[in-house]
Structures are given as structure tokens and as C-alpha cells.
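Summary of the model geometry
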Amino acid sequence: KNQVEQSPQSLIILEGKNCTLQCNYTVSPFSNLRWYKQDTGRGPVSLTIMTFSENTKSNGRYTATLDADTKQSSLHITASQLSDSASYICVVNPGGGADGLTFGKGTHLIIQP
Amino acid sequence: DAGVIQSPRHEVTEMGQEVTLRCKPISGHDYLFWYRQTMMRGLELLIYFNNNVPIDDSGMPEDRFSAKMPNASFSTLKIQPSEPRDSAVYFCASSLDSRMNTEAFFGQGTRLTVV
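The present account deals with the structure reproduced in this document. (Residues numbered from 1 in each chain as written. Chains lettered and ligands numbered in written order. Predicted model: local features only at pLDDT ≥ 70, side-chain atom pairs only at ≥ 80, totals over all residues. Heavy atoms only, no water.)

Attention shifts here to the overall build of chain B. Along its length, chain B carries zero helices and 11 strands. Ordered by position from the N terminus, the helices and strands of chain B form the series β-β-β-β-β-β-β-β-β-β-β. In terms of overall size, chain B behaves like a compact globule, its C-alpha atoms giving a radius of gyration of 13 Å where 115 residues would be expected to give roughly 13 Å. Along the first, second and third principal axes, the C-alpha atoms of chain B reach 40 × 30 × 30 Å. Across the 115 residues in chain B, those meeting the buried criterion constitute 48%. (Helix = DSSP H or I, 4+ residues; strand = E, 2+ residues; numbered from the N terminus. Rg over C-alpha atoms; globule rule 2.2 N^0.38 Å. Buried < 20%, exposed > 50% of the residue type's maximum accessible area, 1.4 Å probe, protein only.)

Turning our attention to the sheet that holds strand β3 (residues 19-24) of chain B. Residues and elements named next belong to chain B. Spatially, β1-β3-β8-β7 is the arrangement adopted by the four strands of the open sheet, whose pairing is antiparallel. Edge positions in the open sheet fall to β1 (5-7) and β7 (65-71), since each of these has one partner strand only. Here the strands of the sheet are splayed against their neighbours by 15° on average, with no regard to which way each runs. Direction of pairing for β3 relative to strand β8 (residues 74-79): antiparallel, over a ladder of five bridges. For V19, the partnering residue across the bridge sits in β8 and is I79. (Pairing = 2+ DSSP bridges. Axes fitted to C-alpha atoms, helices over the stretch in contact; angles between N-to-C directions.)

Two numbers describe a pair of aromatic rings. These are the distance of the centres and the angle of the planes. As enumerated under the stated definition, the model contains 10 aromatic pairs over all chains in all. Judged by centre distance (5.6 Å) and plane angle (85°), the ring pair of Y36 of chain A and F106 of chain B falls under edge-to-face. Highlighted residues: Y36 of chain A in strand β4 (residues 32-38) and F106 of chain B in strand β10 (residues 105-106), drawn from two different chains. A relative accessible area of 5% means that Y36 of chain A is categorised as buried. Given a relative accessible area of 12%, F106 of chain B falls into the buried group. (Phe/Tyr/Trp six-rings, centres within 6.5 Å; stacked < 30°, edge-to-face > 60°.)

Pasting the structure below:
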């Protein structure tokens, strides 16, 4: 069964610190992996998308990595800001229709001043 | 474009009542998706449409749920009768297509509480 597991479930860090969120998946075949940021009370917004051949992709202070061999991805946040407080959702696409997308349950990140 | 617009933002209803959620996708997007989000299960795809035609409704939990897309700019998700376990945040999303690298843009969601 296709699954996406994210860790930790929740994380609290101080403003200015770095953190790394993990995503492990068993989805097969694999087309791409996307990280979404979901602010409280809002819909998810895409941060990055990575295909099979990409190892690293950055979007400002967000850097995503992908190891397709071990089926692991991480999202690294550098110099965290209060506005980074949100849920971060990992979504894996096997390459078919939208019904094949597999969502992780997310990591809830809280940045404290 | 204002993005995907959902209404209402919040809905509180009594068990057994009919609930209708509304969505206006981004103009020009051919795909429209309805998702449900709960703490326990995360985001789940309920149904999606391509050019107003339902493509896959296997995620619709029960016959109490129905969705329509009468035209390219409007879709509804209806629950009749509603039950407390339907309480969740329901998201509508739209995209240019459903495959590969195309991003789906989400609305702000409707928080449904059934008491």
C-alpha cells in the first residue's frame, strides 16, 4: 500500500534556529514529490516540487532534498522566522491521475520568539 | 485572479441537516478537486472533475456525499444527511491538469462542524 510517513508530528523551535522535517514514502512508481506549507486556517501552498532526477531544490530559506533510492525526502528551514509556523505536508505523485496522490499527515511546526 | 474561492468559510449544522459547500475554481483550470482534511487522516481526495465531468469519485465516503460541477466556474459538494463524523475541513483545489508537475491551487477551505 502506498504510504507517506512524516516526522516529527510536531516540532517547536526558537526563532532564528534551523530545522529539518522528514518524509519517507513507499509510493511506487514515483513521478514527483511536493512539499506544501499550510498556515492555520488556510489551504496548502506549494513550496517545492522534485522529480526523480533532482536531489536538491531551494526556495528561499527552504531547501528540499530527495533520495529516490531510499525513498526519503527532507525539508530544511534555515534561520526560521515566526511566519514559518505552519503545517508542512509531503505529497508523493506516482505519475498517474490525481487519485494516485498520496499525502502525509504533516509536521506541525511552531516557531517561538 | 483571486484564486480558488470557497464558501462558506465556516458551517455549523445539526445532525441530519443538508449541507452544501461551494467552490469557484481559478479561471482556465480544467481540473477541480474536493479534499477533506482531519487530524486523524490528513488530506483525503474525495472526487475530482476534468472539464466539468467527474473522473474519480472513489474517495467519496458514502452515498450521503455528492458533488456536481454544472459549469467551468462552479462546483458544489453536498452532504445529506450530515453526521457528526463528517466534521472536518473541506478543501477545493484546481489545476491546469492532474498529472506530473502541475500544481494544484487550494482554496481556504470550509470548516464544517456537525453537532
